[in-house]
Amino acid sequence: SACIQVTRDKNYEPIEIPSEDDRTVLLPTVTAQFPGACGLPYRIPCLLVEGILHAPSAGWGNLVYPKLWQ
């Protein structure tokens, strides 16, 4: 597994969020650090299914993802 970087917004330092062995990220893992988050924005579409964020086809990369509020 690896980590992705997530931030509240561009003015905050990113927090590393661990991904699972299959490259997915559990939404509860994101909301544990960012209460009220409902996903991560992508330039390339991703899939949120039953609380699991699936990586874009190119992988998570070295980007910093801002969280999305509900």
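Anyway, here's the lowdown on the structure attached to this text.

Procedures and definitions
Residues numbered from 1 in each chain as written. Predicted model: local features only at pLDDT ≥ 70, side-chain atom pairs only at ≥ 80, totals over all residues. Heavy atoms only, no water. Helix = DSSP H or I, 4+ residues; strand = E, 2+ residues; numbered from the N terminus. Buried < 20%, exposed > 50% of the residue type's maximum accessible area, 1.4 Å probe, protein only. Polar contact = N/O pair within 3.5 Å; in protein donor to acceptor, adjacent residues only side chain to side chain. Contact = heavy atoms within 4.5 Å.

1. Re unusual backbone geometry
- Even without being glycine, R23 reaches a positive phi, approximately 75°.
- Within the secondary structure layout, R23 lies in the loop between β2 (15-18) and β3 (25-26).
- For R23, a relative accessible area of 41% translates into the label partly exposed.

2. A short note on the side chain of T24
- Tracing the backbone shows T24 in the loop between β2 and β3.
- Of the polar contacts made by the side chain of T24, one reaches the side chain of D22; its length is 2.6 Å.
- Sequence-distant contacts of T24, defined by excluding residues within four places in its chain, comprise S19, I52, L53 and H54.

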